[in-house]
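# Report on the structure
One letter stands for each residue in the lines below.
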Amino acid sequence: MSKTPITVAYGDGIGPEIMAASLHVLQEAGAQIDIDVIEVGEKLYLAGNTAGIEPGAWDSLRRTKVFYKAPLTTPQGTGFKSINVTTRKTLGLYANVRPCVSYSPYVRTKHPVMDLVIIRENEEDLYAGIEHRQTDEVYQCLKLITRPGCEKIVRYAFEYAIRNNRKKVTAFTKDNIMKMTDGLFHQVFEEVGAEYPQIEKEHWIVDIGAAKMADTPEAFDVIVLPNLYGDILSDVAAQIAGSVGLAGSANIGEHAAMFEAIHGSAPRRAGQNMANPSGLLLAGVMMMVHIGQPEVAERVHNAWLRTLEDGVHTYDIFRDGVSKEKVGTKEFGEAIVARLGQKPQQLKAVSYGSGENIPPGSSVAVRAKAKKETIGVDVFLNWDESDRDPNVLGEKLKVVEGDGVKLSMISNRGQTVWPKGQPETFCVDHWRCRFLATEGTLQHSQIVSLLDRVGKAGFDFIKTENLCTFDGKKGYTLGQGE
Ligand code: NAD
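Residues numbered from 1 in each chain as written. Predicted model: local features only at pLDDT ≥ 70, side-chain atom pairs only at ≥ 80, totals over all residues. Heavy atoms only, no water.

### Topic: the packing of aromatic side chains
Stated formally: Stacked, edge-to-face and tilted are the three classes for Phe, Tyr and Trp ring pairs, Trp counted by its six-membered ring, which pair at centre distances within 6.5 Å; planes under 30 degrees apart are stacked, over 60 edge-to-face, the rest tilted. Each ring is checked for a lysine NZ or an arginine CZ that lies within 6 Å of its centre and within 35 degrees of its normal; such an atom marks a charge sitting over the ring.
Applying the stated rule across the entire model yields seven aromatic pairs. Taken together, the ring pairs in this structure connect Phe158, Phe189 and Tyr196 into an aromatic cluster. The ring of Tyr127 carries the charged tip of Arg120 above its face, separated from the ring centre by 5.5 Å. The aromatic ring of Phe318 is capped on one face by Lys326, whose charged end is 5.0 Å from the ring centroid.

Pasting the structure below:
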């Protein structure tokens, strides 16, 4: 069998120890891999490379398309970009797959029958990283949700369910509040889900869904979520299953994939041969399936389960009365190697069959574009005069009307304050002023000349958002109370 090239980063903190142990186990189990080591992380950051990755490292990743990565330390403070986010975005790794399984009674958990998989969208949402300070008081982070992004992740979740014999896919969103962004995610979930009649589907509002998941995780099977909710809830799920130290993750894209533990570099534990390598090892198991060596994945996973069952535990999961032997990182790896070929006796053994359980990246349906028409514009102002009285602002803005545009509404932090605002509403120095076309549509030139009049009237405008319809349907929400 020819060896599959993979790119490896040993990482920071506990990274080098858990990577050495994990690679040792994989290779002893017969992994046919050709390792290319790249330098990323803290050393580079501290040497002044704010990206934390050397340009040459991208050549390796482009060549192998498979990245096995130990945790990295991201220095605190602005100016340093997280390699994790950079890698996910640069390589288009849109699906983050995190199995969260409990191993009761061998690892302490309140949820002995938990076995769920979190599939988190990995590139969009508030993680687009587009943030601005707009006024003295107001900061903004843009939440971007796209139709292709939703289609890819939702389809991935259903494909994963089919290939892994899972029965149900659940989506969590907050579409009762974010009707357009989370609303799109939910809508695509219903559309794509309809193509999989054999899989049960359900949708929860994320707050109560999260509470339910933390309380009764056995009620869930596969959960698909937008980025931020997925980030938070996958840590919650891993922790309540037993420990974040036990969970691995796969980051999958159309052209490449990255495999890592979900925890960080735990610098306080570094260099002491203490850390639990299980999260990175299980990520390695997913990698072996991905590169078409499922028999190696199966051998390692079952030997690892047997090791847990035999009570050979690292400090983080060691418990008097249950555990039999407290071991270090290296010895834990050796204990797994000694059990290669064995299966667990109490815990359920895994089987990867022909190794199709991690779907490759999925594509996006081609669809007709909607007819887009601009019918107005929201002009955002930094205004801090006249005791922030919205009625004064509404009156002053009368002078900029004309040329086919009319002021229809002013809101502050989304709450309509003009016309007919309530005196109790707290206002900051950031105002959204909605201008609508008096008839038909607006040309760009009308928006530009409106802005010119707004500037000449002495207002400090921050930005505009065009108000469009798509096939006649409003592409924007109303102000709260509008
Ligand atoms: P962390 O996950 O590194 O550690 C939190 C605590 O969990 C540790 O103090 C330790 O007690 C325990 N722990 C974590 N992994 C363990 C393991 N394998 N075995 C035993 N115990 C373990 O989180 P943190 O302290 O918030 O972050 C440390 C650094 O890691 C930061 O620089 C952060 O940016 C980085 N980080 C990197 C990644 C990544 O590379 N994917 C993810 C998260 C955090």
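### Here's the deal with the packing of helix α9 (residues 278-290) against helix α10 (residues 294-309)
Definition in use: Axis lines are fitted to C-alpha atoms, over the contacting stretch for helices. Their N-to-C directions set the angle, which ranges from 0 to 180 degrees. Helix and strand definitions here come from DSSP, where helices need a minimum of 4 consecutive H or I residues and strands a minimum of 2 consecutive E residues; each element is numbered from the N-terminal end. Here the word oblique covers every angle except those under 35 degrees (roughly parallel), over 145 (roughly antiparallel) and from 65 to 115 (roughly perpendicular). Crossing handedness is defined as follows: a turn of the near helix away from the far one that is anticlockwise and smaller than a right angle gives a left-handed crossing, while the clockwise case is right-handed. Two residues qualify as a contact provided that any one of their heavy atoms is within 4.5 Å of a heavy atom in the partner residue.
Where α9 meets α10, the closest approach of the two axes is 7 Å, and the angle between their N-to-C directions is 155°. Relative to α10, the element α9 is oriented roughly antiparallel. Regarding α9 and α10, the two cross each other, and that crossing is left-handed. On α10, the residues that touch Ser278, Leu281, Leu282, Val285, Met288 and Val289 of α9 are Pro294, Val296, Ala297, Val300, His301 and Trp304.

### A short note on the pairing of strand β18 (residues 430-437)
Remark: a regular strand shows side chains that alternate across the two faces of the sheet. Rules: In this scheme, a residue with accessible area under 20% of its type's maximum is buried, one over 50% is exposed, and one in between is partly exposed, where area comes from a 1.4 Å probe on protein chains only. A pair of strands is labelled paired if DSSP reports no fewer than 2 bridges between them.
By the criterion of burial, β18 is predominantly enclosed, with seven of the eight residues buried. The pairing of strand β15 (residues 372-382) with β18 spans seven bridges and is classified as antiparallel. Residue pairing in the sheet places Val377 in a bridge with Phe435 of β18. As defined by bridge partners, strand β16 (residues 405-412) adjoins β18 across seven bridges and the pair is classed as antiparallel. If you follow Leu407 over to β18, its bridge partner there is Phe435.

### Some remarks on the sheet that holds strand β4 (residues 95-101)
Sheet architecture is open: 10 strands sit in the order β2-β1-β3-β12-β11-β4-β5-β10-β8-β9, paired in mixed fashion. The strands lining the two open edges of the sheet, one partner per strand, are β2 (33-37) and β9 (200-205). For this sheet the average axis-to-axis angle between neighbouring strands, irrespective of direction, equals 25°. Summarising the sheet, β4 and strand β11 (residues 248-252) pair through three bridges and their orientation is antiparallel. In the sheet register, Val97 faces β11, and the bridge partner there is Ala250. Relative to the sheet, helix α1 (residues 15-28) contacts β1 (4-9), β2 and β3 (66-69), its axis offset from that of β3 by approximately 125°. Along the sheet face, α9 touches β1, β2, β3, β4, β11 and β12 (257-261) and points at about 155° away from the line of β12.

### Here's the deal with the site of the ligand
Rule in force here: Note on terminology: near, applied to a residue and a molecule or strand, indicates that one of the residue's heavy atoms is within 4 Å of it. Throughout this description, a polar contact denotes any pair of N or O atoms lying within 3.5 Å of each other; where both atoms belong to protein, one of them has to be capable of donating a hydrogen while the other can accept it, and for residues adjacent in sequence the pair is counted only when both atoms sit in side chains. The accessible surface values rely on the Shrake-Rupley method and a 1.4 Å probe; as for residues, cover is taken only from the protein chains in view. Residue type decides the class: Asp, Glu, Lys and Arg count as charged, Ala, Val, Leu, Ile, Met, Phe, Trp, Tyr, Cys and Pro as nonpolar, and the leftover types, Gly among them, as polar.
Near the ligand lie 19 residues; those nearest to it are Leu72, Gly264, Ala266, Asn276 and Tyr315. Interatomic distance of 2.9 Å between a backbone N/O atom of Leu72 and an oxygen atom of the ligand. With respect to the ligand, the side chain of His263 contributes an N or O atom lying 3.2 Å from a nitrogen atom. Contact with the protein chains hides 68% of the accessible area of the ligand, taken as 820 Å² for the molecule alone. Class assignment of the residues belonging to the shell around the ligand gives a composition of seven nonpolar, seven polar and five charged.

### Quick word on the side chain of Asn227
Here Asn227 lies in helix α8 (residues 227-241). When sequence neighbours within four positions are dropped, the list of residues in contact with Asn227 reads Arg120, Glu121, Asn122, Glu123, Glu124, Asp125 and Tyr127.

### Section: the sheet that holds β16
Reading across the sheet, the six strands line up as β17-β16-β18-β15-β19-β20 and stay open at both edges, with antiparallel pairing between neighbours. The outermost strands of the open sheet, each flanked by one partner alone, are β17 (415-418) and β20 (473-474).

### Section: the side chain of His186
As for its position among the elements, His186 is in helix α6 (residues 181-193). Classification of His186 by relative accessible area gives buried; the value is 17%.

### Considerations on the domain arrangement of the protein chain
Threshold: Residue ranges assigned to the domains are those given by an automatic or database domain assignment. We define buried area as the total accessible area lost by two parts upon association, computed with a 1.4 Å probe and summed across both. Salt bridges are identified by distance alone: a Lys or Arg side-chain nitrogen within 4 Å of an Asp or Glu carboxyl oxygen.
Split into domains, the protein chain comes out as domain 1 (1-93 + 242-355), domain 2 (110-241) and domain 3 (372-474). Relative to domain 3, the C-alpha centre of domain 2 lies at a distance of 34 Å. Counting the surface lost from both domain 2 and domain 3, the interface buries some 620 Å², and carbon and sulfur atoms represent 47% of this. Three residues stand out in domain 2 for area buried against domain 3, namely Gln134, Thr135 and Glu137, and they jointly supply 67% of the buried area on that side. For the interface between domain 2 and domain 3, the tally reads one salt bridge. Glu137 is the salt-bridge partner of Arg388, the closest N and O atoms lying 3.0 Å from each other. At the surface where domain 2 touches domain 3, the tally comes to six residue pairs in polar contact (both at pLDDT 80 or more). Here the side of domain 2 that touches domain 3 is composed, by residue class, of two nonpolar, three polar and two charged.

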